[in-house]
Amino acid sequence: MVSDRRSRISGPGARSGDSGPGKAARQARSWVCGELQLLPITFGSQNLVEFVDSVKQISHHVDAICLDSISASRCYEIETILNNELQIPVMHNEQHGSAIVAYAALINAARLRGRKVGQLKVVVAGDGPACTGIAELLLARGTADIILVDSQGIVSRDRSELNAVQDDLAWLTNPGNRTGGLKEAVNGADAVIASDGEAMTKLHLEGLAREAVVLELVPSHPWVAPSREPTDGAGKPVFSTRINKFLAFPGTFQGALDGGSKCITLDMKIAAAGAIADIAAEKHLWRDQVVPDRQDRDVTRAVARAVETTARRSLEPTILLPKGCQLSNSPNP
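Figured I'd write up the structure that's included with this text. (Residues numbered from 1 in each chain as written. Predicted model: local features only at pLDDT ≥ 70, side-chain atom pairs only at ≥ 80, totals over all residues. Heavy atoms only, no water.)

### Considering the overall build of the protein chain
- What the protein chain contains, in helices and strands, is 10 helices and 14 strands.
- Per-residue burial over the protein chain gives 51% buried out of 333 residues.
- Looking at the protein chain as shown, the accessible area adds up to about 16,000 Å², and 48% of this sits on carbon and sulfur atoms. (Helix = DSSP H or I, 4+ residues; strand = E, 2+ residues; numbered from the N terminus. Buried < 20%, exposed > 50% of the residue type's maximum accessible area, 1.4 Å probe, protein only. Areas by Shrake-Rupley, 256 points an atom, 1.4 Å probe, with all protein chains shown as cover.)

Okay, structure coming up:
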């Protein structure tokens, strides 16, 4: 589990590193999570090339790399480079772990309303890679009506200061090219995924659709605290749930390794989300509890099995047949 000096690695035994550029990483004690032994490591260099080279040096001694809390300005490029150059699974947990759990929550939120995720109007509010990762996964699954909101307002095609990832998403989301702030974005929304509880106030709830769901990636404030009673949104019930990226971890990595995969694919992330959603649906699905409890040990096993199955399927050889031919289901003569 690798982070940079300006970030904090989550988990027991984690420690901030203070190694300078080019120096060896300073590491915390290892700890066990599921069937994985995790070694939190912090590299001191803020130079992208030096950071990537340091990670590549330790890659020969580990089975997978989990990037955690990497500085938002460079996490995308770091992950892309490592995935292209290493022969082991690499995943930025804040970006993709958050996306997996958010998608699982939306699956169940839609189930409770007799709808599909793709039919929901979704607002993703906040800065950082978690929000972009969520938007990218939802787009891949066919959700067309997505609006991204950062600290400067709605991510639209009229904004010139967006980073490269946001600029791409501006053309893929916000179909009406809406402008304004969070209040304008949430008007009529079925779901809001907020990376920061402070980003929303009771005023924002008034514009939400009836029985909308608010998913928070961080501990919430009292007005959206999860309970069996819906939050009051101008007379409309609004249900809130806290979601934690670690529901997807370590099961996603365990499944990829058990399945012999050298990378974590989109299909594996979708499988992980489906497994998380199904666990909640089997045990305690409720309008304000659309994902399992983080302490539920069945989650890691279910995610690992689903990801492993998907990984093994991707490794199966593909038989290309001439046009017009097909395989016979009959037994060999």
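Here the narrative resumes, following the displayed structure.
### Remarks on unusual backbone geometry
- Look at the link from Phe 249 to Pro 250: it is a cis peptide, with omega at 15 degrees.
- Tracing the backbone through its elements, the reader meets Pro 250 in the loop between strand 14 (236–242) and helix 8 (251–258).
- Its identity is not glycine, yet Asn 174 carries a phi of approximately 50 degrees, on the positive side.
- Positionally, Asn 174 belongs in the loop between helix 5 (164–172) and helix 6 (182–185).
- In this structure Asn 174 comes out as buried when scored by relative accessible area, which is 1%.
- With phi around 50 degrees, Asn 177 is a residue other than glycine that occupies positive phi space.
- Examined against the element boundaries, Asn 177 turns out to sit in the loop between helix 5 and helix 6.

### Section: the side chain of His 96
- With respect to the helices and strands, the residue His 96 is situated in helix 3 (residues 93–112).
- There is a polar contact of 3.2 Å between the side chain of His 96 and the side chain of Lys 269.
- When sequence neighbours within four positions are dropped, the list of residues in contact with His 96 reads Glu 79, Met 91 and Lys 269. (Polar contact = N/O pair within 3.5 Å; in protein donor to acceptor, adjacent residues only side chain to side chain. Contact = heavy atoms within 4.5 Å.)

### A short note on the pattern of salt bridges
- A full pass over the atoms with the stated rule returns 9 salt bridges.
- Linking Arg 74 and Asp 4 is a salt bridge whose minimum nitrogen-to-oxygen distance equals 3.5 Å. Taken together, the residues span a long stretch of sequence, with Arg 74 in the loop between strand 6 (65–67) and helix 2 (75–85) and Asp 4 in strand 1 (residues 2–4) at a distance of 70 residues.
- We note a salt bridge from Arg 159 to Asp 150, for which the minimum N-O separation is 3.0 Å. Neither residue differs from the other here; Arg 159 and Asp 150 are each classed as buried.
- Taken together, the shared-partner salt bridges connect Asp 150, Arg 159 and Glu 161 into one network. (Salt bridge = Lys/Arg side-chain N within 4 Å of Asp/Glu carboxyl O.)

### Focus on the packing of aromatic side chains
- According to the stated counting rule, one finds 3 aromatic pairs in the structure shown.
- Look at Phe 246 and Phe 249: their rings are 6.0 Å apart centre to centre, the planes differ by 80 degrees, and that puts the pair in the edge-to-face class. Neither Phe 246 nor Phe 249 differs from the other in exposure class; each is buried.
- Taking 5.6 Å as the distance between ring centres and 80 degrees as the angle between the ring planes, the aromatic pair formed by Phe 249 and Phe 253 counts as edge-to-face. For the residue pair Phe 249 and Phe 253, the accessibility class agrees, reading buried in each case.
- Of the aromatic side chains, those joined through ring pairs into one cluster are Phe 246, Phe 249 and Phe 253.
- Over the face of the ring belonging to Phe 51 we find Arg 74, whose NZ or CZ atom lies 4.8 Å from the ring centre. (Phe/Tyr/Trp six-rings, centres within 6.5 Å; stacked < 30°, edge-to-face > 60°. Lys NZ or Arg CZ within 6 Å of the ring centre and 35° of its normal.)

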